[in-house]
Amino acid sequence: MAALGNPTNTIAILQKYHFNFQKKYGQNFLIDANILEKIIHAADVRANDCVLEIGPGIGTMTQYLCEHAREVVAVEIDPKLIPILEQDTLSAYHNVTIINQDILKLDLNAIVQEKNNGKPIKVVANLPYYITTPIIMGLFESHVPLDSITIMVQKEVAERMQVGPGTKDYGALSLAVQYYAKPEVMMIVPAGCFMPRPNVDSAVIKLTRHDKPPVTVSDEKFLFHIIRAAFNQRRKTLVNALGNAAELHLEKGSILSALEKMGLSPTTRGEALTLGEFAELTQFLDEIK
Ligand code: SAM
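Residues numbered from 1 in each chain as written. Predicted model: local features only at pLDDT ≥ 70, side-chain atom pairs only at ≥ 80, totals over all residues. Heavy atoms only, no water.

Around the ligand, the structure places 23 residues, and the nearest of them are G55, E76, D102, N126 and Y130. In the model, a nitrogen atom of the ligand is placed 3.3 Å from a nitrogen or oxygen of the I77 main chain. Contact with the protein chains hides 99% of the accessible area of the ligand, taken as 600 Å² for the molecule alone. Secondary structure elements with two or more residues in the shell around the ligand: β1 (29-30) and β3 (71-76). Residues belonging to the shell around the ligand are distributed by class as follows: 12 nonpolar, 8 polar and 3 charged. (Near = heavy atom within 4 Å. Polar contact = N/O pair within 3.5 Å; in protein donor to acceptor, adjacent residues only side chain to side chain. Areas by Shrake-Rupley, 256 points an atom, 1.4 Å probe, with all protein chains shown as cover. Helix = DSSP H or I, 4+ residues; strand = E, 2+ residues; numbered from the N terminus. Nonpolar A, V, L, I, M, F, W, Y, C, P; charged D, E, K, R; others polar.)

Dropping the structure here:
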């Protein structure tokens, strides 16, 4: 079994198995050992940890995870990668379970129950970029017991998760991530660290789950419906964006009076509101809906 994380051994494995990259699966494999060490360090992977890896590819980061963690669960959608992982790159490790599935369709709560007695796991992944947001939202909304999520994403997406009101990147993803976790960009990773080279730079971001959300609302789903509606029409005022969203069933008059109670102008846009203000607005609207 060759140690991966460098161009030579990666190419050797790809050629041995006649593997062709599938663009539709967002396959860009890490070929830089230094970055891999840094990711393990950023994720604070410890000897007693159970780690979920989303998209192991040919098993590059999985090898590092297996060396550091007690238990690794690696979920890979591409069936062509499974024999490479099972018979070659991960064959020496007895603390890894390889699952050939779409991460968005898997019952992660059941896996955490089975592999870690329902105790919080760590997620570490170089994510397929085409489904970054559904993966993150799925992890949070399914309430899988989680310690932290340390993931490679597009640099712009990492920035979007960290920003607050008044910036152009602020949106539904920033608010959702900050409701559930503390985001921290750990490092920027140049495109040259991957094979094939992506068109964008990447960043590793660590999302450390809050013990409890920083704001309290009686209806979490309603909060996220309001946030989504506010940013679906981000150039519109909140009164119009929320009033036009049929699924919310809100009268424009009610929205206006909620804004007035909060001391906000009737022309306020969603992009100006903090998470705390969205929570307050949700409470007002919840009481009159
Ligand atoms: N971890 C490897 C590395 O760092 O070299 C590969 C990372 S690559 C960016 C993303 C991986 O996710 C690919 O192996 C791809 O096949 C896999 N993948 C894509 N969509 C997936 C899905 N819905 N569920 C599970 N794995 C997926």
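Here K119 is to be found in the loop between α5 (108-116) and β5 (121-126). Ignoring anything within four residues of it in the chain, the contact list for K119 reads V112 and P145. (Contact = heavy atoms within 4.5 Å.)

Core analysis: the largest hydrophobic core is formed by 67 residues, its most contacted members being L52, L207, L242 and L281. With 8 residues, helix α9 (residues 220-232) is the largest single contributor of residues to this core. Both domain 1 (7-209) and domain 2 (220-288) contribute no fewer than three residues apiece to this core. Setting aside residues up to four positions removed in sequence, L242 forms contacts with I226, A229, A230, L248, L250, I255, L281 and L285. V45, C66, L90 and Y129 belong to the second largest nonpolar core, which has 29 residues in total. (Core = buried A, V, L, I, M, F, W, Y, C linked by side-chain atoms within 4.5 Å. Buried < 20%, exposed > 50% of the residue type's maximum accessible area, 1.4 Å probe, protein only. Domains from an automatic or database assignment.)

Before going further, it helps to examine the environment of G253. Turning to its location among the elements, G253 is positioned in helix α11 (residues 252-261). Residue class for G253 comes out partly exposed when judged on its relative accessible area of 45%. Distance in space between the C-alpha atoms of G253 and G243 is 8.9 Å, their sequence separation being 10 residues.

Of all 6 residues that make up β5, 6 are buried, and the element is covered over most of its length. Every second residue of β5 is oriented toward a common face, with I121, V123 and A125 on one face and K122, V124 and N126 on the other, all of them buried. In terms of strand pairing, β5 meets strand β6 (residues 146-154) through 6 bridges, oriented parallel. Across the sheet, residue V124 finds its bridge partner in β6, namely T150. Read from β5 through helix α6 (residues 132-141) to β6, the crossover connection turns out right-handed. (Pairing = 2+ DSSP bridges. Right-handed = clockwise from strand over helix to strand, strands pointing away.)

The next point concerns the packing of helix α7 (residues 155-162) against helix α8 (residues 172-180). For the pair α7 and α8, the least separation of the axes is 7 Å and the interaxial angle reads 60°. Seen from above, α7 lies across α8 with right-handed handedness. Contact residues: α7 offers V157, R160, M161 and Q162, while α8 offers L173, S174, V177 and Q178. (Axes fitted to C-alpha atoms, helices over the stretch in contact; angles between N-to-C directions. Left-handed = near helix turned anticlockwise from the far one by under 90°.)

Bringing unusual backbone geometry into the picture now. Following M195, the chain continues to P196 via a peptide bond in cis, the omega torsion being -10°. Mapped onto the elements, P196 comes out in the loop between β8 (194-195) and β9 (202-209). At N117, a position not held by glycine, the phi torsion is positive, near 55°. Mapping N117 onto the fold places it in the loop between α5 and β5. According to the relative accessible area criterion, N117 is exposed, its value standing at 61%. If you check the backbone angles, H249 has positive phi at about 55° while not being a glycine.

Turning our attention to the packing of aromatic side chains. Using the criterion set out here, one finds 9 aromatic pairs in the structure. Taking the centre distance of 5.3 Å and the plane angle of 90° together, the rings of Y179 and F224 count as edge-to-face. Of this pair, Y179 sits in helix α8 while F224 is found in helix α9, placing the two residues 45 residues apart along the sequence. Among the aromatic residues, ring-to-ring pairing joins F140, Y179, Y180 and F224 into one connected group. (Phe/Tyr/Trp six-rings, centres within 6.5 Å; stacked < 30°, edge-to-face > 60°.)

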